[in-house]
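Summary of the model geometry
Letter by letter, the chains look like this.
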Amino acid sequence: MITVLRWAWVLLAVITAALGAFAASNPILQITDCELGLSATSPSECYESIWSYFGNSMVIVLAVPTIACLFPAVVPRSSVVWMVAGSLMVASVLGFSEAMSSTPSLLGVYGFYLPIALLAALLAIQHLGIARRQRTSKARRTVRESTSGI
């Protein structure tokens, strides 16, 4: 069953990469308050894509969540799973808070990743349930083996 979860994390990484491409194509007004006229950016920059505004530095920003989703596929431990889910949640909350600022920030892009963070939390909960069932069945097997030898 852990193998299924590993593939689920790989699929989540692919979805994360696609969401990153979508986020980068959005206008800069998605991560600032420039549509209200309160931003330091000019009105023409408000409609510029996030990718064209930040340039190639977006590659690293978009790669971090995608690579983070691959960690649980490689190391399917509960601590790793929860660390990734928590990190994605914190990053998306920070991204939302940055999106309210008047100057564009690369962290604002992480506000787009809230759905990914929620899916990661669901995968972490599923991982926890599977790990508990495996420990319980292993303990039962150990008890049966020890009592059958008496």
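Report follows, based on the coordinates. Each chain has its residues counted from 1, following the order in which its sequence is written. Only residues with pLDDT of at least 70 are given local features in this predicted model, and only at 80 or more are side-chain atom pairs given and counted; all residues enter the totals for whole chains, interfaces and linings. By convention in this description, side-chain values take in all heavy atoms of the structure and omit both hydrogens and water.

1. Things to note about the overall build of the protein chain
Helix and strand counts for the protein chain come out as six helices and zero strands. Every helix listed is a DSSP run of H or I at least four residues long, and every strand listed is a run of E at least two residues long, numbered separately from the N terminus. Counted from the first residue to the last, the protein chain has its helices and strands arranged as α-α-α-α-α-α. Using a 1.4 Å probe on the protein chains alone, a residue whose accessible area is under 20% of its type maximum counts as buried, one over 50% counts as exposed, and one in between counts as partly exposed. Sorting the 150 residues of the protein chain into buried and exposed places 37% on the buried side. Counting only contacts in the protein chain whose residues sit at least 6 apart along the sequence, the fraction spanning at least 24 positions is 69%. Total accessible area on the protein chain is roughly 8600 Å²; 69% of this is exposed by carbon and sulfur atoms. Any two residues whose heavy atoms approach within 4.5 Å at even a single point are treated as in contact. Only the protein chains shown count as cover for residues, and the accessible areas themselves come from Shrake-Rupley with a 1.4 Å probe.

2. Section: the nonpolar core
The nonpolar side chains of a soluble globular protein tend to be buried with one another. Side-chain atoms within 4.5 Å are what join buried Ala, Val, Leu, Ile, Met, Phe, Trp, Tyr and Cys residues into a set we call a nonpolar core. Within the largest apolar cluster, 35 residues are counted, with the highest numbers of intra-cluster contacts made by W9, I50 and V109. Residue assignment for this core shows that the elements contributing at least two residues are α1 (2-25), α3 (50-54), α4 (57-74), α5 (78-99) and α6 (114-148). At seven residues, the largest contribution of residues to this core is made by α1. Once residues within four sequence positions are removed from consideration, W9 is found in contact with C69, P72, A73, V81, V84, A120, L123 and A124.

3. Remarks on a nonpolar patch on the surface
Here, patches come from residues exposed beyond 30% relative accessible area and free of salt bridges, joined within 9 Å for like charges and within 5 Å for nonpolar side chains (Val, Leu, Ile, Met, Phe, Trp, Tyr). One speaks of a salt bridge when a side-chain nitrogen belonging to Lys or Arg is within 4 Å of a carboxyl oxygen belonging to Asp or Glu. Taken together, the side chains of W82, L119, L122 and I125 present a nonpolar region at the surface, about 390 Å² in accessible area. The element contributing the most residues to the nonpolar patch is α6, with three residues. Within the secondary structure, L119 is located in helix α6.

4. A look at the side chain of S92
For S92, the location among the structural elements is in helix α5. Sequence-distant contacts of S92, that is, excluding residues within four places in its chain, are made with Y110, G111, Y113, L114 and A117.

5. Considering the packing of aromatic side chains
When the centres of two rings from Phe, Tyr and Trp lie within 6.5 Å, Trp using its six-membered ring, the rings pair. Their planes under 30 degrees apart give stacked, over 60 give edge-to-face, and anything left gives tilted. This model, assessed by the stated rule, comprises three aromatic pairs. For the ring pair F22 and F112, a centre distance of 6.4 Å and an interplane angle of 85° mean the geometry is edge-to-face. With a gap of 90 residues between them, F22 in helix α1 and F112 in the loop between α5 and α6 connect regions that are remote in the sequence. You can call F112 buried: its relative accessible area is 16%.

6. Overview of α5
Under the 1.5 Å per step criterion, the end-to-end length of α5 is 31 Å for 22 residues, consistent within 8% with the ideal 32 Å. V80, V81, V84, A85, L88, S92, G95 and A99 are the residues of α5 that are buried. The buried residues of α5 occupy one face: seen down the axis, they fall within an arc of 130°. Among the exposed residues of α5, those pointing more than 90 degrees away from its buried face are S79 and M83. Working rule for helices: expected span equals 1.5 Å times residues minus one. It is the directions from the helix axis to the C-beta atoms that the arc portrays.

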